[in-house]
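Coordinate inspection notes
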Amino acid sequence: MNGLPILSIVVFTPLIGALLVAVAPSRYARLLALAASLMAWALSLLLLIGFDPNSARQFQFIDRVPWIPDFGISYKLGVDGLSLILVVLTTTLSWISILASFSPIKDRIKEYMVSFLILEVGMIGVFVALDTFLFYIFWEIVLVPMYLIIGIWGGTNRIYATIKFVLYTLIGSLLMLVAILATAFAFQSTSPTGWQGAFDFEQLRAANFDPTLQIFAFLAFFLAFAIKVPMFPFHTWLPDAHVQAPTAGSVILAAVMLKLGAYGLIRFALPLFPAAAQTFAPVIIVLSLIAIIYGAIVALVQPDLKKLVAYSSVSHMGFVTLGIFVFNTQGMDGAILQMVNHGLITGALFLLVGVIYERTHDRTIAKMGGVAGVMPVYAVALGFFVFASGGLPGLSGFVGEFLVLIGAFEYSPIVAAIATFAMILAAGYLLWMFQRIAFGELSDFLKGLGHHLTDMTPTEILTLGPLAALTVVFGLFPGLVLDLVRNSVTSVLADVARQEPVVIPPQTALIAIALPILYALARVIWVARADLTGRGGAERPDSPGEPGHAVEPVS
Amino acid sequence: MSGLDLPLATILGATEAGSEGAIGGGPWDLLIPLIIALPLAGFLFTALVGRRLGKSAHLVPVGAIGLAWLIGMWVAFNALGGTEPFGEHGYGQTIYTWIASGAPDQAGAFVVDVGFFVDNLTACLLIVVLTIGLLVHVYSIGYMSHDPGYWRFFAYLNLFMVSMLLLVLADSFLVVFVAWELVGLSSYLLIGFWKHKRSAALAAKKAFIVNRVGDVGFALGIMAIFVNVGTLNIRHAIELLTAEGAAASFPIPMWIVALLIFAGAMGKSAQFPLHVWLPDAMEGPTPVSALIHAATMVNAGVYLVARTNPIFASAPDVMVVVAAIGIFTAILAASIAMTQTDIKRVLAYSTLSQLGYMFAALGVGAFTAAIFHLMTHGFFKGLLFLGSGSVIHAVHEEQDMRKMGGLAKKIPHTYRTMLIGSIAIAGIPPLAGFFSKDEILGEAFKLHFEWVWAIGIVVAVMTAFYMFRLIGMTFWGESRVDPAIEPHVHESPSVMTTPLWILAVPTVLLGLVLSLPGPPLGPLLGLEGPGLLHHWLEPVFHPGLVILGHKEAEYQLFGIDGALIGASVAVATIGMVTAWRLFGVNLRAINWRPDPERVRRLTARVPFLYRASLNKWWFDDLNHLLFMTIGGRLAAFLWWFDRRVVDDTVNDVAATTVGAGRGLGRIQTGRVQNYALGIAVGLIVMAGSFLVLAAR
């Protein structure tokens, strides 16, 4: 756009907003933050208008300034359809979350809004960075404000949750840093131009890295991204973080931050290390299937509303990783669509959990009941997003899921059959939750709240309205997303197809697969013995219920 | 508010709609989408402003269905008459490209167009769905008049009509699947309509989840079809799937495709073992039971199998499975219906049983007979359900037949219409049920599925018996109505009884009309040629029948066919008379008093069968054991696993790190040189490892 660094403007608008919020009196903090996030949103929509999905150039609006020229590190931003749609998702959910924080957040509102805006900078940055080092910087920037948001404005057990979240993510991202450096080293040692371009994504993707490097670097990237997605078995930070985070934190966490991982896989892990990616694909597909089914089954027995939605996220994000690693157009298209839809729908579900929490200061499903009678608008909204999350056709969740399934079917019908089974489980945990909250007589606990139990406020409706509208629009016209990302999908699939998979000696593979299974078995036996004889370690305070008296899933 | 804005786009896009036929669709390109768009508009309007309309909330939804009925009948009339552009094979229009994954012109791209298709099969379904839909809407004005959720009920009804009409009009498997799930949604909303009732909420959820089990099969079937032939357009896909010699190159064999589609059909049409949701669905208001769980939604499975008949014909083994499951469901459900005491549950099991007949017909290859029975059953079962609603209304929301009796005189219109419906379903000529049921049984016998015929005959006895047991317990004999309610028992208003009498007309005549000029009565009257319905559906089922290689056997009224008719009429009479004898009749000529003692003696003779029937063969208990107890245990175990194994491993690693950190704390000497040394060593190790990696 005539030399204007529009992308940088989008990235740093929230930062300017954050500075303004920081210096202005606290009573303006809310409105200023909202204004800044709306500004960023409007600018991102301009990007959407200016973007040419049919252009031969994959990346557009490129801003490039040398940063550490000696090592070829530069400040390089650019978007393709994939990053663009996620940027718009980020800016949309950001203003919605800020608006949703208006009434729940009472303390330190200024600090909260500053954190939130910086979080937005980091997230947009991750989606537009085309320099691996810059990507890493943005990736880590995201961590700090989220740490604060959960740690300061979170629930009672927030410190445990936030430290777990940060440490877990940090371990992954440090390994990724090592891998970024390693690929840069490898690049410069073979490149005639030396360090030039050693961190530039567009140059790196053309390089053919040595298979051994690919294996290790891929694993490092994969671990960082898998923790973020989160994939089984790296998912356990998610329920804790969600339960402790304030509503808006949960919304952003689910709607955008989980997408950082999936985006990283598509943008960096696959094109840079295509041979290794193909080698590990079967394992990752199995892990995705486990996440899909396991997440859904565990969601069935959650007594806490937020944990239920958190585990449903594990299941839904399993579809994303499944779609990515079957390496075909339908799978990849579906994965991207599912990322967007999960952002909209799960974001909305967390908002809805927030609405009920605002009024009751409780999230225990067993205490709810009969909400439909006193909060009809809320019941309709909850029902709408429950069915959207359950993949009701006509709403956006369905198209993404179905495309992933088609992609999986092309890869292997068995894989698709297992994943399709989640349709039943999803209907199970969602409808069970919906029924216990909305139907029946008003519960005694809710009766005790009396007139505090009011229906949704206009602000709350305003935060959910756009999400509902987009859910319908993308359900009927998924082409809006699919046309935008077509070039991105074609190019990443071409990148993957460029190389043959690395062959791993079967005995190594066998050991690598057998060890974790044996460990898990041993641990099950060991822990079960301890639990059964009552010598088990003390339960953590935030994990209610023992399997013995866990709630029955369906009644 | 779900994805139903689709037909709105339809109207906007109708002018540019490309058509399959050589001749442009002209007004049809507007009229066909309007059939769906009208109820959709009614739904949106009522959902948004219905709350404020109070007792006039029904005007727009009922009006919308009325208009849709007019247009639908016009479309059906023209389609069945073979007017251009429908011709013999129907007319299709494309609205817009819904999903395009991959470049649309490229091989392997996944492209789904939303479009409508009307042929004679669709037209038959349109008649049933729209007519019964309209009557149920009208009936509901009376039935729901005292309900605070009046407007909500009509909004849901309209939403259901949208889904059901989309289901029969869609021309792509995936759009059918969309409608399939939307029908499930509207059914969920309507069964759970009385949201404060826990049992209603549970039944709604059960219906949705059990349906989802079938849907998984259907979804996989759709994927298999796409992988096999690369398109989901129904006609195109069927053509490619059944092309000469094509089957060899398919990654997924045809029998799997057929079985998966049948799984979907089993869910929606409640066939064993997915039958468990339908009886519970009676928790919904009675008009819902009539519309959805008797006349329309449950027929979706039959429609789907009929629509894809060439696929099933290419997998003859699956056809046998279809026939077996169908006839098994028929006898299973009939056996349960014989002892139930809830009037609506008897009808629900009867519906299961009749649907079983339809699947048996599909399985033996008598596709037309299945659709014939679908149509007649839609009308007489709709009548019976609406009648039961009128009874329930009369005795103040009581559904237990043990607390009824002797109602015949008090609610004469209800009694007479229900009696007509019962005679029809029992299969007594010349009412509608006789023709369709007899055709199923006769075809089964002549196509050498004698076992299907034999079981079917037994089911016919049971059907006649449980229907007249229902009539006897409800209308005949002494009144067992609660004395407090007894004086207030009253006939329903005419807005409810008129639909009953209107439904009674096709219940009496439809079989005759659709079978003439063909057998069984045609030859007798000196007429020739196939029956009307056969004539209509011949183009639809021709491809399947060609693949099956069925030859039209000559009709011998004074031979095998006459004997079969005689047999089925005889057994129906036996069933009827037995029920009369046991549960009483007070016709002027005969006055058999009901004899509870005799019933008790009879049941005591077969205690196992009686208990099995009463407890619905324990399927609900089995499901409870499997999914609630065992499944619940599994879920609880996995959650335990999640916390104690997966999560605690993470915590242990963290704890170990902290422990190591404490140990390392001792080297925190505070001397900058030591730190510098450490950093230097670290960097050298890192750089060294990079170099080693990079050099390889």
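Residues numbered from 1 in each chain as written. Chains lettered and ligands numbered in written order. Predicted model: local features only at pLDDT ≥ 70, side-chain atom pairs only at ≥ 80, totals over all residues.

Here's the deal with the overall build of chain B
Where we set the bar: What counts as a helix is a DSSP run of H or I of at least four residues, what counts as a strand is a run of E of at least two, and both are numbered from the N terminus. Two residues form a contact once the distance between their C-beta atoms, set from the backbone, is within 7 Å.
What chain B contains, in helices and strands, is 27 helices and 4 strands. For chain B, contacts bridging at least 24 residues in sequence account for 79% of all contacts bridging at least 6.

Topic: the overall build of chain A
Selection rule: This radius of gyration counts C-alpha atoms alone. The globule rule is 2.2 Å times how many residues there are, raised to the power 0.38. To sort residues by burial, count the other C-beta atoms lying within 10 Å of each one's C-beta; a count of 20 or more means buried, 12 or fewer means exposed, and anything in between means partly exposed. C-beta atoms are built from the backbone.
Scanning chain A from N- to C-terminus turns up 22 helices and 2 strands. At 23 Å, chain A has a C-alpha radius of gyration in line with the 24 Å of a compact globule built from 555 residues. Taken along its principal axes, the extent of the C-alpha atoms in chain A is 75 × 60 × 45 Å. The burial tally for chain A puts 59% of its 555 residues in the buried class. For chain A, restricting intrachain contacts to residue pairs at least 6 apart in sequence, the fraction spanning at least 24 positions comes to 80%.

Some details on the interface of chain B and chain A
Put simply, the rule reads: Amino acid classes used here: Ala, Val, Leu, Ile, Met, Phe, Trp, Tyr, Cys and Pro are nonpolar; Asp, Glu, Lys and Arg are charged; the rest, including Gly, are polar.
Facing the 62 residues of chain B at the interface are 69 residues of chain A. Mapped by element, the contributors of at least two residues to the side of chain B that touches chain A are β1 (91–101), α6 (173–191), α7 (198–229), α26 (619–665) and α27 (672–695) of chain B. It is α26 of chain B that contributes the most residues to the side of chain B that touches chain A, 21 residues altogether. Grouping the amino acids of the side of chain B that touches chain A by side-chain chemistry returns 40 nonpolar, 10 polar and 12 charged.

Quick look at the pairing of β1 of chain B
Residue and element names in this part refer to chain B. Stated formally: Strand pairing is defined by DSSP finding a minimum of two bridges between the two strands.
In terms of residue burial, β1 counts as a mostly covered element, since 8 of its 11 residues are buried. Pairing of β1 with strand β2 (residues 110–118) involves 9 bridges; the strand directions are antiparallel. Across the sheet, residue Tyr96 finds its bridge partner in β2, namely Val114.

What to know about the confidence of the model for chain B
Residue and element names in this part refer to chain B. Defined as follows: The pLDDT score gives, residue by residue, the confidence of the prediction method on a 0 to 100 scale.
Residues of chain B with pLDDT of at least 70 account for 88%, and the chain-wide mean is 83. Note on residues 1–23: pLDDT under 50 across the span, and 57 contacts to partners over four residues away in sequence or across chains. Under the prediction, the complex receives an ipTM of 0.89, its pTM being 0.89.

Some points on unusual backbone geometry
Residue and element names in this part refer to chain A. Of note, the amide linkage connecting Val229 to Pro230 takes the cis form, showing an omega dihedral of -15°. You can see Pro230 is positioned in the loop between α8 (211–228) and α9 (237–244). In this structure, the amide linkage connecting Phe232 to the following residue, Pro233, adopts the cis form with an omega of -5°. Inspection of the secondary structure puts Pro233 in the loop between α8 and α9. You will see that Arg108, though not glycine, has its phi angle at about 45°, which is positive. Summarising the element assignment, Arg108 is placed in the loop between α3 (81–100) and α4 (109–128). Overall, Arg108 belongs to the partly exposed group, with 15 C-beta atoms counted inside 10 Å. Not every positive phi belongs to a glycine, and Phe327 is a case in point at roughly 55°. Among the secondary structure elements, Phe327 is positioned in the loop between α12 (305–325) and α13 (329–360). On the neighbour-count criterion, Phe327 (21 C-beta atoms within 10 Å) is buried.

A look at the environment of Gly142 of chain B
Its place among the elements puts Gly142 of chain B in helix α4 (residues 120–143). Those residues in contact with Gly142 of chain B, other than ones at most four positions away along the chain, are Ser492, Pro493, Val495 and Met496 of chain B.

Observations concerning the pairing of strand β1 (residues 60–68) of chain A
Regular strands have side chains that alternate between both faces of the sheet. Residues and elements named next belong to chain A. As judged from the 6 bridges shared by β1 and strand β2 (residues 73–79), these two strands associate in the antiparallel manner. Residue pairing in the sheet places Pro66 in a bridge with Ser74 of β2. Hairpin geometry of β1 and β2 is characterised by an intervening segment of 4 residues between the two adjacent antiparallel strands and by a positive phi of about 70° at Gly72.

Topic: the packing of helix α11 (residues 274–300) of chain A against α12 of chain A
Residue and element names in this part refer to chain A. The criterion, for reference: Interaxial angles span 0 to 180 degrees and are taken between N-to-C directions of axes, which are lines fitted to C-alpha atoms, for helices over the stretch in contact. Comment on the angle field: the value is read as roughly parallel under 35 degrees, roughly antiparallel over 145, roughly perpendicular from 65 to 115, and oblique elsewhere. The sense of a crossing depends on the near helix, which, turned anticlockwise from the far helix by less than a right angle, makes the crossing left-handed and, turned clockwise, makes it right-handed.
Where α11 contacts α12, the axes come no closer than 7 Å and their chain directions differ by 155°. As judged from the angle between their axes, α11 and α12 are roughly antiparallel. Helix-helix and strand crossings are classified by hand; for α11 and α12 the assignment is left-handed. In contact with Ala281, Ile284, Ile285, Ser288, Leu289, Ala291, Ile292, Gly295, Ala296, Val298 and Ala299 of α11, α12 contributes Leu308, Tyr311, Ser312, Val314, Ser315, Met317, Gly318, Phe319, Thr321, Leu322 and Phe325. Looking at the contact of α11 with α12 residue by residue, the classes come out as 16 nonpolar, 6 polar and no charged.

Some words on the nonpolar core
Applicable threshold: In these notes, a nonpolar core means any group of buried Ala, Val, Leu, Ile, Met, Phe, Trp, Tyr and Cys residues linked to one another through C-beta atoms within 7 Å.
Core analysis: the biggest nonpolar cluster contains 465 residues, and Phe221 and Ala269 of chain A together with Ala360, Ala370 and Ala444 of chain B have the highest contact counts within it. Excluding residues within four positions of it along the chain, Ala269 of chain A makes contact with Phe218, Phe221, Phe222, Phe225, Gly264 and Ala277 of chain A.

Brief notes about the packing of α13 of chain A against helix α15 (residues 376–389) of chain A
All names here are of chain A. Contact geometry for α13 and α15: axes closest at 10 Å, N-to-C directions at 150°. In terms of orientation, α13 and α15 fall into the roughly antiparallel class. Where α13 crosses over α15, the handedness of that crossing is left-handed. Contact with α13, carried on its side by Ile345, Thr346, Ala348, Leu349, Leu352 and Val355, involves Tyr378, Ala381, Leu382, Phe385, Ala388 and Ser389 of α15 and no other residues of that element.

Points about the confidence of the model for chain A
Mean pLDDT over chain A works out to 87, with 95% of the residues at or above the 70 mark. A low-confidence stretch, residues 536–555 of chain A (pLDDT under 50), is modelled with 34 contacts involving residues beyond four sequence positions or located in other chains.

Re the environment of Glu450 of chain B
On the secondary structure map, Glu450 of chain B appears in helix α19 (residues 450–475). Overall, Glu450 of chain B belongs to the exposed group, with 11 C-beta atoms counted inside 10 Å.

Focus on the environment of Thr368 of chain B
With respect to the element layout, Thr368 of chain B can be found in helix α16 (residues 367–394). Leaving out residues up to four positions away in the same chain, Thr368 of chain B has contacts with Leu533, His534, Leu537 and Phe541 of chain B.

Things to note about α12 of chain A
All names here are of chain A. Rules: By this rule the span expected of a helix is its residue count minus one, scaled by 1.5 Å.
When the terminal C-alpha atoms of α12 are compared, their 31 Å separation across 21 residues agrees well with the 30 Å that a helix rising 1.5 Å per residue should span. Within α12, 21 of the 21 residues are buried, which leaves it mostly tucked inside the rest of the structure. Among the residues trailing α12, Phe327 stands out with phi positive, at a value near 55°.

Description of α8 of chain A
The terminal C-alpha atoms of α8 of chain A, which comprises 18 residues, lie 25 Å apart, in line with the 26 Å expected from a rise of 1.5 Å per residue. Taken as a whole, α8 of chain A has its buried residues at Leu213, Gln214, Ala217, Phe218, Ala220, Phe221, Phe222, Ala224, Phe225, Ala226, Ile227 and Lys228 of chain A.

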